[in-house]
Amino acid sequence: MEFQKTKLWTKLKSNKELSQSILDIRDNCVLLGEAIKTLIPGFTDHSVKHMDALWTVTDSVFTESEIHLFTEAEAFILGASFYFHDLGMSLGATKEGVEILRKNEKYLSYKLRLENVFHLSPDVSDIISLQLTARELHALTAIKLCSEKIPGIDKHIIEKSSIRNTWGDYIGEVSASHHWSLTEIEQRLGLRGPIPSPNKDNIDLAFVACALRIIDYSHINSERANYIERLLRINIDDESLLHWKAQESIDGPLRLENRLKYVSNKQIEDVEAWWLFYDMVSGLDKEISVVSEYLETKSWSQSRFSLEGVYHVKTPKNFSALVRPKNFEPIDIRFKPDSIERLVEILGGKTLYGNDQFAPLRELLQNSRDAILLRKQQEDITDNDYQGKITISLDTTSSLNKLVIRDNGIGMDSKVIQDYLLGIASDYWNSQDYYNDFPNAKAKGFSPTGKFGIGFLSVFMIGDNISVETERKARNNLRLSLKGLGKHGSLIASAATGNIGTSITINITKQKTDIYNNLELIVKARAPMLSFPVLIKTPILTSNIEAGWWKIVSQKDFFDFISNWETISATNTDDIYKYERLIFQSRYRDNIEFDSLERFKKWPDKQPEIIEENFRLLAIPDFGKVILCSRGIAVKTISLNGLTGIVNIDDLTLTASRKETIKLDTDEFIKKVISEIRPKVIEALNLLESEGMITSRFEFIIKVAKIYGPEILEDLTLPWISAFIPPGDVRLFNSKNAIELIKEKDELILSYGTGPWTTEEICRNYFSTASDSAMIIPVTQKAQPEYGDYSEKDIITMDTLPKQMKVKGRNQDEDNIESERYKEAILLMSILKVIAKAWNVDVIKLVNYQWLRKRNSHLCVHFIKKDLK
């Protein structure tokens, strides 16, 4: 076999027992290595062909003299690790192995993310999760495979028990180490220093681990990504395909002086593939440097590793002379250091948030909200055990004005701070790190407010000097200091204090301090529906905003808050003057007349309303403004005709600035609310009877019916149907009473837009055949559609109601008329439904009856019951 010609094998072959053990291990790995390509077809070669090739790569990574310094024990452990280090990815080759993978929490976290973030089906996410879990655990699995039987197969890979018992742990640790950081290698292997081996030799396990990571990393060439093999594989995803294309034309590595050299045997056409390979060798170059620095710190491993990096990799242009692109020049257009500060300003400042002065506070409030709810869920603590709380303090007593936002939520670790809190547009909530940290969060119902990972950057809108103190349960206390955009910061870890949560302190300017003076109103406006209290501390007062405060305040105070929300929240600098005026008014409220519910009030008693867990809405026909919230945080106001209040909808899709919804469908919600509020509207309408002159309120009644549904009129005890009962009695009836009365009548005269006495006159003039006992029902035209217009002065027509109520100016003979317009005449249609119910006929027959119309002064009809049957 080719690998037996290498210098590393030559070092080992004189020891018959150890060299034979390598061959035995190799034989047992052949089938498992082949299983990897079946289980994970997207991965480049991880078969025994790759394992064998690492012997050859070793001759490029190390010089002949350096290989000579390997002890037999080190050569054996390194050679054995070539076969074990990736073998864990074959764990799913057996039924028992699959079950092991599915029981691992990594599998659950992958599967949840694939289903919730990428919306894959359970079957597809299961397959991918098994693949990802096998890869994630393959280093740990390598340790077990060195000493335990293959799951589901009664066989050890290291068959000889004496070798397995004496060498298994060393081989397993080194095999697993290629996925460790150098810090972990130092802690787990390096601190031991050189140790005696079972064959009376010595071993530097940390050095062998470093050798494996560089040798394995260096094997990036066409051997691992054969073009023909790639064509024979199925189900290679786009990302994996790019890895194949990046390596399939590559030869190397060849050692040239103290660097590894790679070349392409043909020009690479795919731009992304070229860049991926360049990134790979750039990463290898960096890894060689850090390993070299690490080994130089050990006196016993100095002079054992002279490799310095990768040839010509410092610039894309230089590297393109070796790995040749076809018909393009590689230009690195990724962010340069001098553009980062500007990018942060764009994502965290006015470009995104406009002149919204309170965007930073809102962003921090939503972060605190998420942290509190996540901690409560993860620790399974009840409200009695844990009261989530945010404290916001404005300190103007010292030389520096400070705004401090403190929560007792889940806290952060250093990875979250560095990769997500400070990352540009990084999204922790959809990352694999989040699903690894909290694999059961989604299943338990936790849903974060933040989506874009850019909210924290907004703090630089109000201050440059930022400090963050945070602590997770059983983790270090962390202190982050930032001195402004584009400047250096520091992160200091110290012993845990037990004070779990996060505190953010911002040194703010005098101008910003003035804007933030009335924190209570601002917090109520920006986060009105949080499910836990917010404590406000300022030099002037201390107050507590209780959860659900909006449910218990008076209707007048609630209405004032809703109607003045834009001004209170000061969404842009144009509102600052209004905001300051409002604050002034609030301090001298008794002496100043506020905008209030009074100028909109149309009900005889308090406003009909419904209060539920996620909304409070008042039925006010003359006013319609609703504050829309998502997960307790206000987004904007929307107009909902006749409904005023506040609504929380958790699953809203918002823009990055959180000021607009990307998709908002309120139809179902409005239907639900109208259905729930209708009984209270009916109750309020019935109270109008106490006012006496009901006819003077017809316009209001019609408006209410239009907004909350004409069905309301059918359920009223309030009399709203005016009727002339011969010989001269004019009375009002509700629907129920009118139906009973009309049942006994054989004919009716109905007039739209005239009073009872005018209607009687119309009857005498136009319906001479009507009996003297015919009941006459006049219908007011107030707040309802007018009927059309004729140019002829005295023309009289007989036609159906839809044609008689066509749009003004339309030709009378035109077929294409707006026939549905008559339905807008709420009062008229409701009375027709009463008649239809009383006579047990279809209302369409009444609509299509012959209606008389003279110019725009009369629209009337003489219904005869027998003609409708």
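Notes on the structure in this doc start here. (Residues numbered from 1 in each chain as written. Predicted model: local features only at pLDDT ≥ 70, side-chain atom pairs only at ≥ 80, totals over all residues. Heavy atoms only, no water.)

Some points on the layout of surface pockets
One simple way to see leftover space: roll a probe sized like a water molecule over the atoms. Filter applied, for reference: Site definitions follow a grid-based scheme: protein atoms alone, a 1 Å grid, a 1.4 Å probe that fits but cannot get out for cavities, and for pockets an open set with protein on both sides within 12 Å along at least five of seven lines, plus lining residues having an atom within 4 Å of a point. Grid points are joined across faces, edges and corners, and a volume is the space filled by probe spheres set on the points. Secondary structure counts use DSSP, requiring at least four H or I residues in a row for a helix and at least two E residues in a row for a strand, with both numbered from the N terminus.
A volume near 1800 Å³ is recorded for the largest pocket. If you go around the largest pocket, you meet 49 residues; those closest to its centre are Phe43, Leu132, Arg135, Glu239 and His243. Residue assignment for the lining of the largest pocket shows that the elements contributing at least two residues are helix H7 (105-116), helix H8 (122-145), helix H11 (205-218), helix H13 (238-247), helix H14 (271-296), helix H19 (414-421) and helix H20 (432-437). Looking at which element gives the most residues to the lining of the largest pocket, the answer is H8, with eight residues.

Observations concerning the pattern of salt bridges
How we decide: The term salt bridge refers to a side-chain nitrogen of Lys or Arg lying within 4 Å of a carboxyl oxygen of Asp or Glu. Burial classification: accessible surface area is computed with a 1.4 Å probe over protein chains only, and a residue below 20% of its type maximum counts as buried, one above 50% as exposed, and the rest as partly exposed.
On inspection of all chains with the given rule, the structure shows 39 salt bridges. Ionic pairing is found between aspartate 154 and lysine 149, a salt bridge with its closest N-O pair at 2.2 Å. According to the relative accessible area criterion, aspartate 154 is exposed, its value standing at 64%. Assessed through its relative accessible area of 42%, lysine 149 is described here as partly exposed. Taking the shortest distance from any N to any O, the salt bridge between lysine 415 and aspartate 433 comes out at 3.8 Å. Placement of the pair is lysine 415 in helix H19 and aspartate 433 in helix H20, with a sequence separation of 18 residues. For lysine 415, a relative accessible area of 39% gives the class partly exposed. Look at aspartate 433 and you get partly exposed, because its relative accessible area is 21%. Connected through salt bridges with shared partners, the residues Asp413, Asp437, Arg472 and Arg475 form a single ionic network.

Regarding the state of the cysteines
Short version of the rule: For this text, the term disulfide refers to a pair of cysteine sulfurs within 2.5 Å.
Enumeration according to the criterion identifies zero disulfides in this entry. Take cysteine 146: it sits in no disulfide, and the sulfur closest to it among the cysteines is that of cysteine 29, at 9.0 Å. We classify cysteine 146 as buried; its relative accessible area is 0%.

Notes on the packing of H8 against helix H9 (residues 161-176)
Formally: In this analysis, axes come from line fits to C-alpha atoms, helices being fitted only over the stretch in contact, and the angle between any two N-to-C directions falls in the range 0 to 180 degrees. In this scheme, roughly parallel covers angles under 35 degrees and roughly antiparallel covers those over 145, while 65 to 115 is roughly perpendicular and the rest are oblique. Two residues qualify as a contact provided that any one of their heavy atoms is within 4.5 Å of a heavy atom in the partner residue. Residues are grouped as follows: Ala, Val, Leu, Ile, Met, Phe, Trp, Tyr, Cys and Pro are nonpolar; Asp, Glu, Lys and Arg are charged; all remaining types, including Gly, are polar.
Viewed as axis vectors pointing N to C, H8 and H9 meet at an angle of 175 degrees, and their least axial separation amounts to 8 Å. Overall, the two elements H8 and H9 adopt an arrangement that is roughly antiparallel. Along its contact with H8, which presents Ala139, Ala142 and Ile143, the element H9 presents Gly172, Glu173, Ser175 and Ala176. For the contact of H8 with H9, a count of residues per class yields four nonpolar, two polar and one charged.

A short note on the sheet that holds strand E11 (residues 501-508)
In plain terms, the rule: Pairing between strands requires that DSSP locate at least two bridges from one strand to the other.
Pairing within the open sheet is mixed, and its eight strands lie in the order E10-E9-E8-E11-E7-E6-E12-E13. Each of the sheet's edge strands pairs with one partner strand only, and the pair in question is strand E10 (489-494) and strand E13 (542-545). Neighbour-to-neighbour, the strand axes of this sheet turn through a mean angle of 10 degrees, independent of strand direction. Relative to E11, strand E8 (residues 465-471) runs antiparallel, the two sharing seven bridges. Residue pairing in the sheet places isoleucine 466 in a bridge with isoleucine 506 of E11. Its contacts with the sheet put H19 on E8, strand E9 (477-482) and E10, and the angle it makes with E9 is roughly 30 degrees. Contacts between helix H22 (residues 519-526) and the sheet are confined to strand E6 (390-395), strand E7 (401-407), strand E12 (534-537) and E13, with E12 contributing the most and set at about 150 degrees to the helix.

What to know about the packing of aromatic side chains
Under the convention used in this document: Each pair of aromatic rings taken from Phe, Tyr and Trp, with Trp reduced to its six-membered ring, is defined by centres within 6.5 Å and is described as stacked if the planes are under 30 degrees apart, edge-to-face if over 60, and tilted in the remaining cases.
Per the stated rule, a full pass over the model turns up 29 aromatic pairs. Ring geometry for tryptophan 274 against phenylalanine 319: centres 6.2 Å apart, planes inclined by 65 degrees, an arrangement best described as edge-to-face. In this pair, tryptophan 274 sits in helix H14 while phenylalanine 319 sits in helix H15 (residues 316-319), placing the two residues 45 residues apart along the sequence. Across the pair, phenylalanine 319 and tryptophan 274 agree in class, each one buried. Note on tyrosine 278 and phenylalanine 319: the rings are 5.6 Å apart at their centroids and 55 degrees apart in plane angle, and the pair reads as tilted. You can see tyrosine 278 sitting in helix H14 and its partner phenylalanine 319 sitting in helix H15, a full 41 residues away along the chain. According to the relative accessible area criterion, phenylalanine 319 is buried, its value standing at 0%.

Side note on helix H30 (residues 735-743)
Test applied: As used here, the arc is the angular range of directions from the helix axis to the C-beta atoms.
All of the buried residues in H30 are Ser735, Ala738, Ile739 and Ile742. Projected down its long axis, H30 carries its buried residues within an arc of 100 degrees, all on one side.

Side note on empty space enclosed by the protein
Taken as a whole and assessed by the stated rule, the structure comprises two cavities of 30 Å³ or more. The volume enclosed by the largest cavity comes to roughly 60 Å³. Leu32, Ser90, Leu91, Ala93, Thr94, Leu145, Ile150 and Pro151 are the residues that line the largest cavity. Across the lining of the largest cavity, the residue classes tally to six nonpolar, two polar and no charged. Of the pockets and cavities examined, the second largest cavity occupies roughly 40 Å³. Lining of the second largest cavity is provided by Val523, Ala527, Pro528, Leu530, Phe532, Val534, Ile545, Glu546, Ala547 and Trp549. In the lining of the second largest cavity, the residues fall into nine nonpolar, no polar and one charged.

Remarks on the pairing of E6
Within E6, five of the six residues are buried, leaving the element largely enclosed by the surrounding structure. The pairing of E6 with E7 spans six bridges and is antiparallel. When the sheet's bridge partners are listed, threonine 391 is paired in E7 with arginine 406. Where E6 folds back on E7, the antiparallel hairpin that results is connected by five residues. When E6 meets E12, the two strands line up parallel, connected through four bridges. Residue pairing across strands places isoleucine 390 opposite valine 534, the latter belonging to E12.

Focus on H11
Formally: Here the expected span of a helix is defined as 1.5 Å times the quantity of residues minus one.
Between its first and last C-alpha atoms H11 spans 20 Å; for 14 residues at 1.5 Å apiece the expected length is 20 Å, and the two agree. For H11, the tally of buried residues reaches 13 of 14 residues, placing the bulk of the element in the interior.

Remarks on the sheet that holds strand E5 (residues 309-310)
The pairing of strands in a sheet comes from backbone hydrogen bonds and takes either a parallel or an antiparallel form. Strand order across the open sheet formed by three strands is E3-E4-E5, with mixed pairing between neighbours. This sheet does not close on itself; its edge strands, each paired only once, are strand E3 (250-256) and E5. Taken together, the two bridges between strand E4 (residues 259-264) and E5 define a ladder with parallel strand orientation. Following the sheet pairing, arginine 259 is matched in E5 by glycine 309.

What to know about the nonpolar core
Applied cut-off: Residues grouped as a nonpolar core are buried Ala, Val, Leu, Ile, Met, Phe, Trp, Tyr and Cys residues, joined through side-chain atoms within 4.5 Å.
Formed by 83 residues in total, the largest nonpolar core has its most connected members in Tyr83, Trp167 and Phe277. When residues in this core are grouped by element, the largest group, 13 residues, is from H14. Residue contacts for tryptophan 167: discarding those within four places in its chain leaves Leu18, Ala73, Phe76, Ile77, Ser197, Pro198, Asn199 and Ile203. Counting 74 residues, the second largest nonpolar core, distinct from the first, contains Ile674, Phe698, Ala723 and Ala838.

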